[in-house]
Structures are given as C-alpha cells and as structure tokens.
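A closer look at the structure
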Amino acid sequence: MTDSKKGLTRRTLLKASAATAGVSLFNINHAFSQDVTYDGGVFDAGGAVLNIAGWGGYWEETQNKLVLDQFQKDFNCQIRYDSTFPWFPKYVAAGPKNPPFAMNNWNMPEMFKTAGAGDYFMPVDEIKANVPNTSQLWDFSLETGVGITWAFSRYCYVYRTDTGITPKSFKDFWLPDYSGKRGTYITSNTLQMMFFMASCAQYGSSETDFDAGYQAMKDAMPMKISDFTGNMAALVERGEVNIAVQSDAEALLQQEKGVPVELYYWDEYKGILTQTQTISKYADPTSKKLAFALLNRMLTPEFQSGFADEFWMRPTNKNAVIPEKMAKRGVENTADATAGLHIPDWSAYLANEIDIVETCNEIFGS
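These remarks concern the structure in this document.

With respect to the overall build of the protein
Within the protein one finds 15 helices and 12 strands. A compact globule built from 366 residues should have a C-alpha radius of gyration of about 21 Å, and the protein, at 22 Å, falls within 12% of that. Once the C-alpha set of the protein is aligned to its principal axes, its extents read approximately 75 × 45 × 35 Å. Relative to its full complement of 366 residues, the protein shows a buried share of 53%. Restricting to contacts in the protein with at least 6 residues of sequence separation, those with at least 24 account for 73%. Surface summary for the protein: the accessible area is close to 15,700 Å², and the carbon and sulfur share equals 49%. When the 32 positive and 43 negative side-chain charges of the protein are each reduced to one mean point, those points stand 4 Å apart.

See the structure below:
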C-alpha cells in the first residue's frame, strides 16, 4: 500500500520504525520483510525450523550425508525435509505470502509453472547478492531469473552397442532399424518435454513448432513409454529398448555397471536436465537467511564434487573437480564443455501444455 502524495510505502514505514527503535529489521519477525542479508558466515539460528523440499529416497539420504546433517549442527537449526512431490499444488494452496517451503529443489517445468502462478520466489539478482558462492558459477546457471541451477546432466540418447547400429545425429532415433525398440517417457516427465521440443526444433522451424513435434512423435511409434529414467535404464539393460531418450548421468552409470551402451549427445540441441533451487520471497526472515546459507554450502566445489560422485551429475561451480570415474568417460567442467547449453522457452511450452499433453498421450496410446 502506497501513499502517492507522500511516497510512503509499507516497507519505508517499517524501516523508519526500526531505525527509531534502534533494532535490526532482521529481528522483526514478519513474513513480508525482504531486508535479510547474508555474508557467507555461520550464525546461531536458535533452533529455528527450516522447511525445504527436494527429491526423496537415496537423493535425500545423500543430501543429509553431504550437507544437511552438518548444516543443522553448525547453524543450530532443524531442517524439515518434504519429498512428497509435486510441490506446485502446495504453493498454490498456501499462497505466495505463506510459502510451504523456504527453499525448494526443482526441475524447471514445474518451477516455471509455479513462478507463473504468483509472486512466490526471490529473483536471481537478490539471491546472488546474498549467496557469495554464486560468483563461482557458470553463467548459464543464473539465467532462469527464478532460481539457481546447482547441478545438471546433458540430454542424450543411450543406445545398445551390440545391435550394430550407431546413431550419428538426433534424427537417427527414427532409423527404421530401431522400429519398435525406441524409448521415451510419459508426458509429465521433463525428459519427454525436452525431447518433444528438440523434435520440434529439428523437424520444424523452432522448438515451438508443435505440429512438427507431433508428427515426429507419430513417426517414432511404436515406442516404449517409461515413467522415469531408472525404469528406462532397466528396459535398455534387458534389451527391450535399443535406443532411448536419457540423461547422461543415468547412461554413464550404466556404462560403469558394464551394460553394453554408448551415448549420443544432442549437440544439435544442447538441452540440459537441471537441478535448480528457489528461495521463497515471503519466507520469514530467519528461514530466508538460513536458506541463503544452505544454498551457499550447496554451491561449494566440495559439495558439488561429492554430489557428482554419487549421482554422476555435473557441477555448475567452475572450481568443482569432476570425479575421476566421470573424467575417464570424457566429462569436463570447462568453459568449452558448458558453451551453448540451452534452457528452452518453458513459458511457451507451459502455455500450450494441455494441448501438448493431450495430443502426445493420444499418439502414445494409439
């Protein structure tokens, strides 16, 4: 609320009151306070609870081991971790000014969908100003305007090497030799969304040439449709699928296990499967400051190298060391390796999501 004659805003009045009282705005426990700063140091949160959301299972266990357990000790706080995806309905139900989580890990489609539904998240520039380790990141990790990307994998095809077929382009997925042995995902999986947009771009005029994408999906049928990457890996391992849409993290892991597979990277369309953290704009001040501190730790080279060693995902910190097992398979953390990485126009996809989902589901079910 603003008094246009005097130019006063609610925040201005809060600042004036705080100055008069001689106290910091950080001590005003009000959800609308935006005046929280963090410089990278350790502080005592007095046993405060930090609500965060992320993937469950082994992912959550690894987060606890690599960062969360020690963070709670160092900052005298309690982390309450929610792994019951999806998170979009929880934000919408609570509203922007009563966020269910102070910090949330996302794949981009649902993140952009949530950001488009209300004023939920701090802009990247504000996060950068309060999370010192953002200065060590590759530029692409800060380009969403919504969250900070801290890990990623490259999209690729994983293909069996014992079939005698070697794909040499994105379009080789449609080779007749692969008929009936192709694999992709249900329409709610980010990998299928990206595969669809890449198909639009390769067979049409752009990644939003949806008619071209629909025709490409039709031409690829019949396909094995999986719900997640681990199940697709099992289909490839059993020989039910000879070529599949995949993230290189999963495909490299299969190589390590001795499965006869190789990767074809989509150099024609360098999409990436990202892990991106948001901080809620209207989280209470203590939670917001803790979120800054936790994100700062997740952006360290040490955490990102440790995480890469567990999940084969690439770091976004320029100084993170690629684990030896990944380096042996050609993974690098260099400017050249990150050049041209592409974040698609998710807003255009989401604006047409209902039609895309319905049409692709009809094709998959035919």
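Some remarks on helix 8 (residues 229-237)
Taken as a whole, helix 8 has its buried residues at Thr229, Met232, Ala233, Leu235 and Val236. Across the axial projection of helix 8, the buried residues extend over an arc of 160 degrees, all falling on one side. Positive phi appears at glycine 239, one or two residues downstream of helix 8, with a value of about 80 degrees.

A few points about the side chain of threonine 316
Relative to the helices and strands, threonine 316 resides in the loop between strand 12 (314-315) and helix 12 (324-327). A residue is classified by how much of its surface remains accessible, and threonine 316, at 0% relative accessible area, is buried. When residues no more than four places from it in sequence are discounted, the contact partners of threonine 316 are Gln136, Leu137, Trp138, Phe140, Ser141, Thr149, Trp150, Ala151, Phe152 and Gln304.

A look at the nonpolar core
The biggest cluster of nonpolar side chains holds 106 residues, and the ones touching the most others in it are Tyr157, Met217, Trp266 and Leu294. One finds Phe140, Phe152, Ile272 and Leu341 within the second-largest nonpolar core, a separate group that totals 5 residues.

Some remarks on the side chain of asparagine 242
Structurally, asparagine 242 can be placed in the loop between helix 8 and strand 9 (243-247). Other than its neighbours up to four places away in sequence, asparagine 242 contacts Val158, Tyr159, Arg160, Thr163, Tyr178 and Lys181.

Some remarks on the packing of helix 6 (residues 190-203) against helix 7 (residues 210-220)
Where helix 6 meets helix 7, the closest approach of the two axes is 7 Å, and the angle between their N-to-C directions is 110 degrees. By the angle between their axes, helix 6 is roughly perpendicular relative to helix 7. Along the contact surface, helix 6 presents Gln192, Phe195, Phe196, Ser199, Cys200 and Tyr203, while helix 7 presents Phe210, Ala212, Gly213, Tyr214, Ala216 and Met217. Looking at the contact of helix 6 with helix 7 residue by residue, the class counts come to 9 nonpolar, 3 polar and no charged.

So, unusual backbone geometry
Here phenylalanine 85 and proline 86 are connected by a cis peptide whose omega angle stands at 5 degrees. As for its placement among the helices and strands, proline 86 is situated in the loop between strand 4 (77-82) and helix 3 (88-94). In this structure, asparagine 76 takes a positive phi of about 50 degrees despite not being glycine. A positive phi is found at tryptophan 312, a non-glycine position, where the angle reads about 60 degrees. Residue classification places tryptophan 312 among the buried residues on the basis of a relative accessible area of 2%.

Cut-offs used in this document
Residues numbered from 1 in each chain as written. Predicted model: local features only at pLDDT ≥ 70, side-chain atom pairs only at ≥ 80, totals over all residues. Heavy atoms only, no water. Helix = DSSP H or I, 4+ residues; strand = E, 2+ residues; numbered from the N terminus. Rg over C-alpha atoms; globule rule 2.2 N^0.38 Å. Buried < 20%, exposed > 50% of the residue type's maximum accessible area, 1.4 Å probe, protein only. Contact = heavy atoms within 4.5 Å. Areas by Shrake-Rupley, 256 points an atom, 1.4 Å probe, with all protein chains shown as cover. Lys, Arg positive; Asp, Glu negative; His and termini not counted. Charge placed at Lys NZ, Arg CZ, Asp CG, Glu CD. Arc of directions from axis to C-beta. Core = buried A, V, L, I, M, F, W, Y, C linked by side-chain atoms within 4.5 Å. Axes fitted to C-alpha atoms, helices over the stretch in contact; angles between N-to-C directions. Parallel < 35°, antiparallel > 145°, perpendicular 65-115°, else oblique. Nonpolar A, V, L, I, M, F, W, Y, C, P; charged D, E, K, R; others polar.

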